[in-house]
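This is what each chain is made of:
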Amino acid sequence: MATETDRSTTEGFGQVSRTVGTVFRYLLLVATLSGIVALAVLLAYVFYDAVQPDTAAPGWYLVYFLVLVLPMVVVGLYLRRRTERGLTVGGIALGIPVLGVLFGAGVALLFIDIIPPVAWLGYVIAFLIPFGTIVAIERYRSVPFIAKLVIVTAVFVGSMLAVPGAVASAPILPADWLILVLTLGVPVAVLVWRFLGRTFDAPRWNRIGAALTFVVIAGGGAAAPIIGLGRTSGTVLTMTAVVPFCLYAVVSRYTAAIEADTAATVDEQGVETVAADEQYRPDWLGLGFPVVVIGGMFLGAFLVELFGFAGPQSWVDWQFLTSPHRNAAEEAGVYPAIVGSIMLMIIVALVSFPLGVGAAVYLEEYAPDTWFTRIIDVNISNLAGVPSVVYGLLGLGLFVTYAGSQPGTVLVGGLTLALLILPIVIISAREAIRSVPDGFRQASYGMGATRWQTIKNVILPEAFPGILTGTILALGRAIGETAPLLVIGAPQVFDLPTELSARVGALPLQIYVWATAFASPDFFRKALPAGVIVLLVIMLVMNSVAIVLRNRFERNG
Amino acid sequence: MGSEFEEQLTTQTENAPRELLARVFFFVCAFLSILTTLGIIVVLITESAKFFTLTAPLVGITGKTANVVDFLTGTTWSINEGKFGVLPLVAGTLVIVVGSAAIALPLGLATAIYLSEYASPRVRAYLKPALEILAGVPTVIYGFFALKYITPALSVFFPNIDFFNGLSASIVVGIMIIPMVSSISEDAMNAVPDELRQAGYGLGATKFDVSIGVVVPAAVSGIAASFILALSRAIGETMAVALAAGSTPTLPAVGIVKLAGVVIPYPTTETLSIYLQSIQPMTGAMVQLLFGDITGGGLAYRSLFAIGLTLFVMTLAMNIISDLIAARYREEYE
């Protein structure tokens, strides 16, 4: 072969050293991971300091390993091998009650410490009256829209002024937890009914399901004292944890069955040759997963008590979560801070959600392509880059100096944070609205719908999951903000904020105060790591809810 | 934005009261963002105006004020002595910006190259959310990390480091702005057309050559935009530096050269020692001013708005520059 000699002369031609490329590639990987690893190490340290895992007895770990970790791993592996989505179903089925309990705890403490249920009942009725007026008035098509608007506004103002007071002074009122069963249980039952109606084609069973939901909520409230919970907490927790779990169980059990049925029919017609039980394995077996986990936790607690094994001396404990700030690090807690954060988030959500979605709808659906629209557009992206401390100055100047409000109140803090996250909400809501296919709009207009009808009936429902995800992520950002609260004059030591004009505290603010005004080795060793863990867990929960929502949304879309 | 088709179908109904009400509501929501910006500007300017001698009479303030020139060129910031020279605070901010940039810019750029050119979709799906977490952790927690874990770790290497120091604050600020650099730079690299890469491979270039020689230069305006945006974030970062950087407004030690009568400072090896000392950036000074109860509206209270205005102008300018640069790369390839 002639090429034989050629090759010897051109030895090395076309050969490129791979060393540089390989080194570069690994350098990039190291650089990418360095920030993540640094944060992971810091988080591990703070977790170690807050929970102190080395203070637990070895027997404690052994017991929990045997009754909780081992069964979890075994069942998890079994589910993975046995069914297609079993482990996912199990994870969701476990996540729902866990999130439900956390969320429910937040709602329950609002009704126990902040809003008296009687006042709540008054406002619910005061809202129901104008709502009922709308429903009634919509039947009369001859009444012009303006007249309807005036009537409804008048009824709203009148009932808001008169009804809460009248309800509060009513001679006979139901017990607190019964008020909650009525005011929250009925809407939840209606929601369940509508949800079932969209999922299953069985009106009779759906009605039974809704009725059952209401009975379960009432039953949860009535039975709560048996396991040592208050009736209010029992009602709320049943609603936020038990009901969603049962709903998920029913849906995953029966949709799996329906899918299997469909596959079987296809099979009989000979179109599809894969056997039904091979293709559609019962994923709902995963519903057993939370039973294993929660059962293991209770069994573990019982056994640890029985043998007298000491658990870790965690600084994050019941006492920490339910106490106010105290000057000794061992006794200090974050309860007022948690309540303050929850109240701030309620205001922020109530203000920024409608305004942000409204602005996004205007920019995506109405705005003409003019210089003014472009200014709004550029302005919003610049607002997103303004430092949070400057928003604090805005709040201080606008609400405190000009409007004359007390500094550092719940209302001022909530409004300031709402302004802060408004650009983020607008940007994410715009993306969600933009992702609604144009065909939907055209179909709606083609059927003669007006712009508002299209937005109300087509665009907002379609974009809702995306908007919700963006809003939750933005709220997650707001809950970690400290600087604006400091600027508007939030106090160093705060009590439970019981009304909108009370001075507010928040979790990150509490952390800052402990790290500065109460900076002692004790606080740095005990209360601070615990506070950091609580704040991180809350943020983690909010972010994971948003991510799960986004994933579902993307899969469906 | 409404297409012509939609315009035609909706013109007949668009002035019905219900439609008009909806339109007005949505417009007000959008207009609110303009009002927010105006609010920021008005509040900052009117309150700062009360601070300066030059402008105070215009807004009806008599009594103690500060000179604009003293504010901008003074080298001492001391509320108790009544000296309001912003330079030490700006220097403190610069220390943090330079330090965090030294961490975040190379790491962020490397991350962007890895994610855009090397990582498989599967790896990217895990790395991107993990990176987002870096920016999602509340900054007050980063400040706590710097005080509790990073400073003690640094004192192993630098025994004479202060408890509050610029280095630990720079490190945590650097970590939290990595995602800002990496996500925007990665977007810019993804926008580079594949033809350019293929042309590079066609010439026999390796992946390394293509990444460094083709993709990075082609995406350079996007990368620059991401750098500026990240620096602007570092300037405005508040809680981490307020906790960790300290509360001693300090000018770094510099060499001085006089050129035609103009004093020009230049950094020397001494300058770096500022990172081991307690400093105070602008945002840190603002928080310290606030942590007392200063609702009375004295000179200290008004100085808060003067710093705030300085901060706002700096970050706004950087954001606008970043936007302009980013707009250029979008034009290039789209």
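All of these numbers come straight from a predicted model, not from anything done at the bench.

Chemist: Outline the overall build of chain A, listing residues and values.
Modeler: Of the regular secondary structure elements, chain A holds 21 helices and zero strands. In terms of overall dimensions, chain A has C-alpha extents of about 105 × 70 × 60 Å along its principal axes. Burial status across chain A gives 44% buried among its 557 residues. For chain A, contacts bridging at least 24 residues in sequence account for 77% of all contacts bridging at least 6. Within the structure as shown, chain A displays about 28400 Å² of accessible surface, and the carbon and sulfur contribution to it stands at 68%.

Chemist: Report on the interface of chain A and chain B, specifying residues and quantitative values.
Modeler: Opposite the 93 residues of chain A that make contact, chain B presents 82 residues. Taken together, both faces of the contact between chain A and chain B bury some 7700 Å²; the carbon and sulfur share is 76%. The largest share of the area that chain A buries against chain B comes from Phe145, Leu393 and Arg451 of chain A, three residues that together contribute 8% of it. Inspection of the chain A/chain B interface yields one salt bridge. Linking chain A to chain B there are 12 residue pairs in polar contact (both at pLDDT 80 or more). In terms of residues, the side of chain A that touches chain B owes the most to one element, helix H2 (residues 19–51) of chain A, which gives 19 residues. Looking at the side of chain A that touches chain B residue by residue, the class counts come to 62 nonpolar, 20 polar and 11 charged.

Chemist: Lay out the environment of Phe307 of chain A with the relevant residues and their values.
Modeler: Take Phe307 of chain A: it is sitting in helix H11 (residues 288–307). Along the primary structure Phe307 of chain A and Val63 of chain A are separated by 244 residues, whereas in three dimensions their C-alpha atoms are 9.6 Å apart.

Chemist: Tell me about helix H8 (residues 203–223) of chain A, and name the residues and values.
Modeler: Residue and element names in this part refer to chain A. In a regular helix each residue adds 1.5 Å, so 21 residues correspond to 30 Å; H8 covers 30 Å between its end C-alpha atoms and thus fits that length. Those residues of H8 that sit buried are Asn206, Gly209, Ala210, Thr213, Ile217, Gly220 and Gly221. Each buried residue of H8 sits inside an arc of 105° when the element is viewed along its axis, so together they form one side. Across H8 from its buried face, at more than 90 degrees, point the exposed residues Arg204, Trp205, Arg207, Leu212 and Val215.

Chemist: Kindly report on the pairing of strand S4 (residues 262–267) of chain B, identifying the contributing residues and their values.
Modeler: All names here are of chain B. Bridge count for strand S3 (residues 254–259) against S4 is six bridges, and the pairing is antiparallel. Note on S4: the bridge partner recorded for Gly255 is Tyr266. Between S3 and S4, which pair antiparallel one after the other, the connecting turn spans two residues, and Ala260 there sits at a positive phi close to 50°.

Chemist: Talk me through helix H6 (residues 139–157) of chain B; I want residue IDs and the actual numbers.
Modeler: For H6 of chain B, which comprises 19 residues, the first-to-last C-alpha distance of 25 Å matches the rise-based estimate of 27 Å (1.5 Å per residue) to within 8%. At Ile150 of chain B, H6 of chain B shows its strongest bend, of approximately 40°, with the proline Pro152 of chain B following within four residues.

Chemist: Before we move on, could you go through the environment of Ala506 of chain A and cite the residues and values that matter?
Modeler: The topology assignment puts Ala506 of chain A in the loop between helix H19 (483–487) and helix H20 (507–516). With residues near it in sequence (within four places) discarded, Ala506 of chain A still touches Ala337, Ser341, Leu344, Leu485 and Phe494 of chain A.

Chemist: Just give me the short version of the packing of helix H13 (residues 335–366) of chain A against H20 of chain A, but keep the residues and values in it.
Modeler: Residues and elements named next belong to chain A. For the pair H13 and H20, interaxial distance at closest approach is 7 Å and the crossing angle is 140°. On the basis of their axis angle, the class for H13 and H20 is oblique. Along its contact with H13, which presents Ala337, Ile338 and Ser341, the element H20 presents Leu507, Pro508 and Gln510. Its residues assigned to classes, the contact of H13 with H20 comprises four nonpolar, two polar and no charged.

Chemist: Requested: an account of the environment of Leu496 of chain A, with residues and values cited.
Modeler: All names here are of chain A. For Leu496, the location among the structural elements is in the loop between H19 and H20. In this structure the C-alpha to C-alpha distance between Leu496 and Ile338, which are 158 residues apart in sequence, comes to 9.3 Å. With residues up to four places along the chain from it excluded, the contact list for Leu496 reads Asp113, Ile114, Tyr335, Pro336 and Val339.

Chemist: Kindly report on the confidence of the model for chain B, identifying the contributing residues and their values.
Modeler: Confidence in the prediction of chain B, expressed as mean pLDDT, is 86, and 92% of residues score 70 or more. We note a pTM of 0.88 for the whole complex and an ipTM of 0.90 for its interfaces.

Chemist: Pulling in residues and values, what's your account of the pattern of salt bridges?
Modeler: By the definition in use, this model includes 16 salt bridges over all chains. Notably, a salt bridge pairs Arg197 of chain B with Asp194 of chain B, separated by 2.8 Å at the nearest N-O pair. Separated by three residues within a single helix, Arg197 of chain B and Asp194 of chain B lie in helix H8 (residues 194–202), roughly one turn from each other. With a relative accessible area of 9%, Arg197 of chain B lands in the buried category. The partly exposed category is assigned to Asp194 of chain B, whose relative accessible area is 43%. Ionic contacts of the salt-bridge type, sharing partners, join the residues Glu330, Asp522, Arg525 and Lys526 of chain A into one network.

Chemist: Can you explain the side chain of Ser252 of chain A? Please cite residues and give values.
Modeler: Residue and element names in this part refer to chain A. Along the polypeptide, Ser252 turns up in helix H9 (residues 231–268). Among the polar contacts made by the side chain of Ser252, one reaches the main-chain carbonyl oxygen of Ala249 at a distance of 3.3 Å. With residues up to four places along the chain from it excluded, the contact list for Ser252 reads Val89, Trp284 and Leu287.

Chemist: Run through the packing of aromatic side chains, naming residues and quoting values.
Modeler: Any aromatic ring pair is given by two values, namely how distant the centres are and how the planes are angled relative to each other. Counted by the stated rule, this structure contains 33 aromatic pairs over all chains. Look at Phe51 of chain B and Phe84 of chain B: their rings are 5.3 Å apart centre to centre, the planes differ by 90°, and that puts the pair in the edge-to-face class. Taken together, the residues Phe51 of chain B in the loop between helix H2 (17–49) and helix H3 (68–73) and Phe84 of chain B in strand S2 (residues 83–84) connect sequence positions 33 residues apart. In this structure Phe51 of chain B comes out as buried when scored by relative accessible area, which is 0%. A centroid spacing of 6.1 Å and a plane angle of 50° characterise the contact between Phe145 of chain B and Tyr149 of chain B, whose relative ring orientation is tilted. Here Tyr149 of chain B and Phe145 of chain B lie together in helix H6, a separation of four residues that amounts to about one turn. Neither residue differs from the other here; Phe145 of chain B and Tyr149 of chain B are each classed as buried. Among the aromatic residues, those joined into a cluster by ring pairs are Tyr362, Tyr366, Trp371, Phe372 and Trp452 of chain A together with Phe25, Phe26, Phe27 and Phe31 of chain B.

Calculation criteria
Residues numbered from 1 in each chain as written. Chains lettered and ligands numbered in written order. Predicted model: local features only at pLDDT ≥ 70, side-chain atom pairs only at ≥ 80, totals over all residues. Heavy atoms only, no water. Helix = DSSP H or I, 4+ residues; strand = E, 2+ residues; numbered from the N terminus. Buried < 20%, exposed > 50% of the residue type's maximum accessible area, 1.4 Å probe, protein only. Contact = heavy atoms within 4.5 Å. Areas by Shrake-Rupley, 256 points an atom, 1.4 Å probe, with all protein chains shown as cover. Buried area = accessible area lost by both parts, 1.4 Å probe. Salt bridge = Lys/Arg side-chain N within 4 Å of Asp/Glu carboxyl O. Polar contact = N/O pair within 3.5 Å; in protein donor to acceptor, adjacent residues only side chain to side chain. Nonpolar A, V, L, I, M, F, W, Y, C, P; charged D, E, K, R; others polar. Expected span 1.5 Å × (residues − 1). Arc of directions from axis to C-beta. Pairing = 2+ DSSP bridges. Bend = angle between axes of the 7 residues up to and from the residue. Axes fitted to C-alpha atoms, helices over the stretch in contact; angles between N-to-C directions. Parallel < 35°, antiparallel > 145°, perpendicular 65-115°, else oblique. pLDDT = per-residue confidence, 0-100. Phe/Tyr/Trp six-rings, centres within 6.5 Å; stacked < 30°, edge-to-face > 60°.

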